[in-house]
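Close look at the chain arrangement
Spelled out from the first residue to the last, the chains are:
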Amino acid sequence: MTSNPYAPPTTELTLVAPNAATQRARRGPALYIVGLGFLGGVGSIPFLALQNPIGFVVVLTGCILGGLVYRIRSRDWPHDPTIRQKQILYSALAVALPPAVLFLFAGPNGQGPAIVMIGLIVGVSVACGIFISGTRRLNIPLKAAQ
């Protein structure tokens, strides 16, 4: 090995080094699901100000549309077989955490159960967005590349 940065690499180094395309970080649908869910929340403000129930539906469909946008964007990417277990884990967390945290804050009395149900509905819509996003990711696993 030389200290000259302009020297071409030896053939031994290119055989050992993995493909640069497989080194990229995995890009998942979380940004799309959360981003469009947030935009749905912002878009629901005029409906909620008029006490229209459509405002509640706009928030929930934002998360599902985020999963669809990711699925459309990633249609040419390869499937990753390891994603399904992660989707199940993240969906279970999305369904369980919001109601649990809201229960801790709101409690079982008064409007607490209704607030917990709203957290459950939001968690289910996020879980639907996760499953709708599909199993395609930007890069393939290192085992499949070799």
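Fair warning: this is a prediction, and the values are worked out from it, not measured in the lab. (Residues numbered from 1 in each chain as written. Predicted model: local features only at pLDDT ≥ 70, side-chain atom pairs only at ≥ 80, totals over all residues. Heavy atoms only, no water.)

A word on the side chain of Ser-125. Here Ser-125 is to be found in helix α6 (residues 112-132). The contact partners of Ser-125, leaving out residues within four places of it in the chain, are Leu-60, Cys-63 and Ile-64. (Helix = DSSP H or I, 4+ residues; strand = E, 2+ residues; numbered from the N terminus. Contact = heavy atoms within 4.5 Å.)

The next point concerns helix α5 (residues 83-106). In this model α5 runs 34 Å from its N-terminal to its C-terminal C-alpha over 24 residues, within 8% of the 34 Å that 1.5 Å per residue would give. Of the positions making up α5, those classed as buried are Ile-83, Gln-87, Ser-91, Ala-94 and Pro-99. Its buried side turned inward, α5 meets α6. (Expected span 1.5 Å × (residues − 1). Buried < 20%, exposed > 50% of the residue type's maximum accessible area, 1.4 Å probe, protein only.)

Moving on, we get to the confidence of the model for the protein chain. Residue-level pLDDT values for the protein chain average 81, and 79% of them are 70 or greater. Averaged pLDDT values for the elements of the protein chain fall to 48 in helix α1 (residues 11-16) and rise to 93 in α5. Under a pLDDT of 50 for its full length, residues 13-18 has, in the predicted model, 3 contacts with residues more than four places off or in other chains. (pLDDT = per-residue confidence, 0-100.)

Another aspect to go through is α6. The first and last C-alpha atoms of α6 sit 30 Å apart over 21 residues, in line with the 30 Å expected at 1.5 Å per residue. Buried-residue contacts for α6 involve α2 (30-43), α4 (54-73) and α5. Immediately downstream of α6, the backbone of Gly-134 shows phi near 85 degrees, a positive value.

Another aspect to go through is the packing of aromatic side chains. Overall, the coordinates contain 2 aromatic pairs when judged by the stated rule. For the ring pair Tyr-32 and Tyr-70, a centre distance of 5.5 Å and an interplane angle of 55 degrees mean the geometry is tilted. Pair noted here: Tyr-32 is in helix α2 and Tyr-70 is in helix α4, with a separation of 38 residues, a long-range link. What makes Tyr-32 partly exposed here is its relative accessible area of 23%. Note on Tyr-70 and Trp-77: the rings are 5.9 Å apart at their centroids and 75 degrees apart in plane angle, and the pair reads as edge-to-face. (Phe/Tyr/Trp six-rings, centres within 6.5 Å; stacked < 30°, edge-to-face > 60°.)

In this section: the side chain of Thr-135. In this fold, Thr-135 is placed in the loop between α6 and α7 (142-145). Since its relative accessible area comes to 16%, Thr-135 is described here as buried. Side chain to side chain, Thr-135 and His-79 meet in a polar contact 2.7 Å long. Sequence-distant contacts of Thr-135, defined by excluding residues within four places in its chain, comprise Pro-78, His-79, Asp-80, Ile-83, Arg-84 and Gln-87. (Polar contact = N/O pair within 3.5 Å; in protein donor to acceptor, adjacent residues only side chain to side chain.)

Right, let's talk about unusual backbone geometry for a bit. Trans is the prevailing form of peptide bonds, just as negative phi is the prevailing case for residues other than glycine. For Gln-51, which is not a glycine, the phi torsion comes out positive at approximately 55 degrees. By the secondary structure assignment, Gln-51 is in the loop between α3 (45-49) and α4.

Turning our eyes to something else, we now look at the packing of α2 against α4. Contact pair α2 / α4: the axes reach a minimum separation of 7 Å and the direction vectors enclose 145 degrees. Here the hand of the crossing between α2 and α4 comes out right-handed. The residues of α4 that touch α2, namely those facing Tyr-32, Ile-33, Leu-36, Gly-37, Gly-40, Gly-41 and Gly-43, are Val-58, Val-59, Gly-62, Cys-63, Leu-65, Gly-66, Gly-67, Val-69, Tyr-70 and Arg-73. Residue composition of the contact of α2 with α4, by class: 9 nonpolar, 7 polar and 1 charged. (Axes fitted to C-alpha atoms, helices over the stretch in contact; angles between N-to-C directions. Left-handed = near helix turned anticlockwise from the far one by under 90°. Nonpolar A, V, L, I, M, F, W, Y, C, P; charged D, E, K, R; others polar.)

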